Structure formats: structure tokens, C-alpha cells
Amino acid sequence: MERKVRVRFAPSPTGPLHIGGVRTALYNYLFARQHGGDMILRIEDTDSQRFVPGAEDYINEALAWLGIGIDEGVREGGNYGPYKQSERRDIYREHVKMLLDAGKAYMAFDTPAELEEARSKTPNFQYDASTRGAMRNSLSLPAEEVQRLLDAGEKYVVRFKIEPGRDVEVNDLIRGKVTINSSILDDKVLYKSADDLPTYHLANIVDDHLMEVSHVIRGEEWLPSAPLHVLLYEAFGWADTMPEFVHLPLLLKPDGKGKLSKRDGDRLGFPVFPLEWHDPKSGEVSSGYRERGYLPQAVVNFLALLGWNPGDDTEIMSMDELIAKFSLDHCSRSGAKFDFEKGKWFNHKYLQEISDDELAQMYKPVLKAHGVDASAYEDSYIARVVSLVKGRINFVSDLWEQSRFFFVEPESYDEKAVRKRWSAEMPGILTELIGVLEGLDDFSSAAAEPVVLGWIADKGYHLGNVMNAFRLTVVGECKGPHMFDITELLGCEETVRRIRLGIDRIK
Ligand code: GLU
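My aim in this report is to walk through the structure given alongside it, one point at a time.

Reading guide: rules and limits
- Residues numbered from 1 in each chain as written.
- Predicted model: local features only at pLDDT ≥ 70, side-chain atom pairs only at ≥ 80, totals over all residues.
- Heavy atoms only, no water.
- Helix = DSSP H or I, 4+ residues; strand = E, 2+ residues; numbered from the N terminus.
- Rg over C-alpha atoms; globule rule 2.2 N^0.38 Å.
- Buried < 20%, exposed > 50% of the residue type's maximum accessible area, 1.4 Å probe, protein only.
- Contact = heavy atoms within 4.5 Å.
- Lys, Arg positive; Asp, Glu negative; His and termini not counted.
- Charge placed at Lys NZ, Arg CZ, Asp CG, Glu CD.
- Phe/Tyr/Trp six-rings, centres within 6.5 Å; stacked < 30°, edge-to-face > 60°.
- Lys NZ or Arg CZ within 6 Å of the ring centre and 35° of its normal.
- Pairing = 2+ DSSP bridges.
- Core = buried A, V, L, I, M, F, W, Y, C linked by side-chain atoms within 4.5 Å.
- Near = heavy atom within 4 Å.
- Polar contact = N/O pair within 3.5 Å; in protein donor to acceptor, adjacent residues only side chain to side chain.
- Areas by Shrake-Rupley, 256 points an atom, 1.4 Å probe, with all protein chains shown as cover.
- Nonpolar A, V, L, I, M, F, W, Y, C, P; charged D, E, K, R; others polar.

Considerations on the overall build of the chain
Point 1. When its secondary structure is counted, the chain shows 19 helices and 14 strands.
Point 2. Radius of gyration (C-alpha) of the chain: 33 Å, far over the 23 Å computed for a compact globule of 507 residues.
Point 3. For the C-alpha atoms alone, the extent of the chain along its principal axes is close to 110 × 50 × 40 Å.
Point 4. Per-residue burial over the chain gives 49% buried out of 507 residues.
Point 5. Sequence separation of at least 24 residues holds for 71% of the intrachain contacts in the chain that already meet a minimum separation of 6.
Point 6. Each charge class in the chain was averaged separately, 62 positive and 81 negative side chains, and the resulting centres sit 4 Å apart.

This is how it looks when you write it as C-alpha cells:
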């Protein structure tokens, strides 16, 4: 019988969600949607030492911003809750007892000092079948002694009793079969009486089982834990319903080797978090894709292609297209280089899809930040400005650099261009140009251009010099969209005013 697809994204709220974690969430989501399955968000907060306030809200906000929908979770509810591990203590306690009763786990009373001593005495000490007999645990101590310690309230941990010398097979849908020998595994701690909480391994397996997870899709860094997880499923007698494993390739530094880190982002100037993060302890602010001006669709598209391809060279894909095309067969085993420039390219592409009217609205706060009162302009004016320059932007904020002259007169004139284009005759020629412009009945680009060019040709003026000098007075530099599109938008009066200003100021 085909199993219903149920996947989970299971972050630990220990800080802001890393962009690699976002990709994991995205692949889970794409897989779930494609198969008509369920997407679970489970908060793995059993490590009380590393808990960071605000991290859970951050995760929710980031996923919502990106359009990664959750079917079951702390906020969404569902039939398999609670979805936060710290609220499932009873469940874990019961399952720890199951393993203890079945002889698959045992209690260990070793103090930190005793463990330290064992480590210093035995090189590469590992708590396992070869050493556990010499340690203080419920396998090595007499039953009465164990009872006495428990009655005295001694702190203990529960360890998984790994049988040595067994080949453990992990079947990974991307990597194929991975086999390791159980002798290299240590007797992992599953539960700590000190805080009455399970460790990641126990809670993760119990929850995946109880939540009927069909596929565990997670980062490659969890692959080393997988053999232990397989053994845990067996110990519980759940081998038949064990989920499929999928370990996604690492995100690698844009340059050189190794895993992408926050430091790479700081060093090369790009965010590694979806949203800006304000660290509650240090007060440090880490930049986010949202605040940097990325569109969520662009981030999703960019991330989808870091470790997966559609089988051809299609690059621009909406969420719906990604859902339709995603497949584990086309996920790569090797790490994916984090090509930050490509991320900008995606943003550029997605910005071109947005209507001029909408972009104009998005531009308004940027104008305001630059001291321009956007309400002094018609929306249609801002939209036309945007239509002329949007082909040159990667971010909405880039609109300012490309179009400031539509809102403010030049504050200075590019010196190099002045040296190249300005000459003693230029004020006279431009004064003549003012006459030509003021004589136009129709100031539209299409009407003004042939008249001005005709005048330049009739007079035998240097086309490049006159047009660039004209542009210098209006824009301040020799850049920007087509000159007559600019003047059409600015109108005759403002164009003429700027030419006069330029004649006055440029020496
Ligand atoms: N809580 C783990 C994490 O933070 C979950 C790993 C898994 O998906 O099993 O990534």
C-alpha cells in the first residue's frame, strides 16, 4: 500500500534560521505539495541550554514570507500534536521506559568527572559495549545499588545499548545504500533525568513515528546520525514503518571549499538569513534577504536550484512550477556552491515581472528615504519613471541611483564628462537648443527627437558633444535612459530650467 506522504521540517529554535535550513524547508514543502501530502513544522526545543527567545517566531515569519505553507504545526494545529517537543515530555518518558523495560537501553550514573577520567585514561574513549562494563550504570551495578541511587535522587542519563558488530544499512533516496558497522557507534544518551528531557535522537525518532512521517528530508549534516536512527526504529519494533531518508547536499562557500557560513556572508557581503535577525543577547544585527530587498519568489527560485535541477536548463520557475517539476532523482549528491551573484540575477528577473504601477508603490518608501515627497508626484509619473529604468536594477533600492534626476535637479556635473564634452561654444549652442525646445508644440519623445536632431544636423554641430552636454545639464552625468524619454517626462519647463542652470554652473 502506498503510504501517505507526510514530511516535516524540524528546526531547533537556537537562533535565526540559516538559508540552508530554508532550502531544507522548501524541498520538504515542494515534495509534500507534489504528492498531495502534509507538511509538518515541528519545533525541536529539547536542548534547553541552546534555546533562544524569538527564534520560533522568526522561523514562522520566514516561512510565511517565502510562501512555504505549513499544514500542521504549533500555530496551525493538527491531529498529531503537540508540535513542540518541550510539550511532549510525557510521551518521551513513556518511550524511554519502553526501551528500558525491553533491555534496549540502560541508566548511567557516571558524573562528568568520572567521564572525564575515563576519557583521559583511554585514548579515543567511547561509551560502548567494550567500556560500559567498567562504568557506573544499570548494567554494571547490582540492582540494589541502582535502586539506592534512584531513591537518593541521583542524576542519571539513559543510554541506548548498541549491539556491536552489526552492519547497519541506511537507504538514502539520493545517496543510495550507506552501510556502517555498529561498533563505531557509541551508546548515545537518549534522555537526561536532570531536566527530564530527551535528547534530539530519541525525540526525533519517536515524533517521526508518532506523526507518521513518511520521508525524512534534511541536511547532509544529519547523515552520520542516520544509522543510530535506524537502530532506534528497530529497537522500538517500528522498522516496518521507518521513513525513507533523504539527505540534501551541503550549501558550499561561493569561493573555495567547505560549508557556507555566516562569516562567508559577512566577508563577501550577502545575507545568510532569510530575515534580518536581532540577536537578543549580543544585540548584533544580521542582515536578511527580505530587508536587503529580495523578492520572496526570487529567493525561493534561487534556493530551489541549489542542489536540484529540473532536468533541463529552465531557470525561472514559480512555486507552482517548482512543485510540478521537483524530483528527488534530480537532487545532487555533491554540495551546491552558493552563487550569490546568481541570487541577484534572480531578483532582477523577478522585478521585471512586476507591473510598473506596483513597482512605483514599492519605490515610494525609497523616495521618502531620500527626502523626496512622493505625494507631490502623480502615481503615473512614478510608474513611467520606473518603466524607463527597471531594466537596470537588481533591487528596488537601485531605482534611486537610476532615476534620481526625475525627482531632483543635478547637484553636480560629472567632471570627466564635462572635460570631454563641454567647450566655450556650448553655452551658446545650448541657449539655441532652448529656443528649439520652446518652439515645439508637442514635447513627446517621438516628436521632439527628429526636430532636435534635425537642428543639430542643419547647423553642422557635433552630435555626440551637443547631446551629451544637453544630457549633462539635465541628468548631471552621461548616463540614463533615452534622452528624449527623459525630457518628455520632465516636461519643457523643467528641461529648460535645468539647461539654464547647467549653463550657469558648468565652467
Ligand atoms: N532539530 C534538527 C535540526 O535542527 C532536525 C534534524 C532532522 O531533520 O532530523 O536540524
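Digging into the packing of aromatic side chains
Point 1. Tallying each qualifying case throughout the model produces 23 aromatic pairs.
Point 2. Between F302 and F346, the aromatic rings sit 6.3 Å apart at their centres with planes inclined by 45°, giving tilted as the arrangement. Taken as a pair, F302 in helix 9 (residues 296-304) and F346 in helix 11 (residues 340-353) lie far apart in primary sequence, 44 residues in all.
Point 3. Seen in terms of ring centroids, F405 and F406 are 4.8 Å apart; in terms of plane orientation they differ by 35°. Their pairing is tilted.
Point 4. With relative accessibility at 5%, the residue F405 sits in the buried group.
Point 5. With relative accessibility at 2%, the residue F406 sits in the buried group.
Point 6. Counting every residue linked through ring pairs, the aromatic cluster contains F270, F302, F338, F340, W345 and F346.
Point 7. In this arrangement the basic side chain of R159 is found over the ring face of Y127, its NZ or CZ atom lying 3.8 Å from the centre.

Side note on the pairing of strand 3 (residues 105-108)
Point 1. The side-chain alternation of strand 3 yields two buried faces, one formed by A105 and M107 and the other by Y106 and A108.
Point 2. Across four bridges, the pairing between strand 3 and strand 4 (residues 157-160) is antiparallel. Looking at strand 4, one finds that A105 is bridged to F160.

Regarding the nonpolar core
Point 1. I68 and F470 are the most contacted members of the largest nonpolar core, which has 117 residues in total.
Point 2. Those residues in contact with I68, other than ones at most four positions away along the chain, are V22, A25, L26, Y29, M39, L63 and M319.
Point 3. Core analysis: the next-biggest nonpolar cluster, separate from the first, contains 38 residues, V146, V216, L231 and L232 among them.

A word on the sheet that holds strand 7 (residues 189-192)
Point 1. Spatially, the four strands line up as an open sheet ordered 3-4-7-8, and their pairing is antiparallel. At either margin of the open sheet sits one strand with a lone partner, and together these are strand 3 and strand 8 (197-198).
Point 2. Pairing between strand 7 and strand 8: two bridges, direction antiparallel. Looking at strand 8, one finds that Y191 is bridged to P198.

What about the pairing of strand 5 (residues 167-172)?
Point 1. Along strand 5, the buried face is formed by V168, V170 and D172; none of D167, E169 and N171, which line the opposite face, is buried.
Point 2. Two strands pair when backbone bridges link them, and strand 5 and strand 6 (residues 176-181) are joined in this way by six bridges, in the antiparallel orientation. Within strand 6, the position partnered with V168 by the bridge is I180.
Point 3. Taking the residues that link successive antiparallel strands as the turn, the strand 5-strand 6 hairpin has three residues.

Notes on the site of the ligand
Point 1. Neighbouring residues of the ligand: R8, A10, S12, E44, Y200, N204, R218 and W222.
Point 2. A distance of 2.7 Å is found between an oxygen atom of the ligand and a side-chain nitrogen or oxygen belonging to R8.
Point 3. Residue E44 places a side-chain N or O atom 2.6 Å away from a nitrogen atom belonging to the ligand.
Point 4. Contact with the protein chains covers 85% of the free accessible surface of the ligand, which is 300 Å².
Point 5. Considering only residue class, the shell around the ligand consists of three nonpolar, two polar and three charged.

Topic: the environment of S261
Point 1. Mapping S261 onto the fold places it in the loop between strand 11 (251-252) and helix 8 (262-268).
Point 2. When the C-alpha atoms of S261 and R497 are compared, they prove to be 53 Å apart, with 236 residues separating the residues in sequence.
Point 3. Ignoring anything within four residues of it in the chain, the contact list for S261 reads K253 and V272.

Section: the environment of H229
Point 1. By secondary structure assignment, the location of H229 is in helix 7 (residues 226-236).
Point 2. Remark: the alpha-carbon pair of H229 and N204, spanning 25 residues in sequence, is separated by 8.7 Å.
Point 3. H229 has contacts with Y200, H201, N204, I205, R218 and F245, leaving out every residue within four places of it along the chain.
Point 4. Reaching out from H229, the side chain makes a polar contact with the side chain of H201 at a distance of 3.0 Å.

Quick look at unusual backbone geometry
Point 1. Cis geometry marks the peptide bond from G81 to P82; its omega dihedral reads -5°.
Point 2. Looking at where P82 falls in the secondary structure, it is placed in the loop between helix 2 (55-66) and helix 3 (89-101).
Point 3. One non-glycine residue with positive phi stands out, namely D196, at about 50°.
Point 4. By relative accessible area, which is 19% here, D196 ends up buried.

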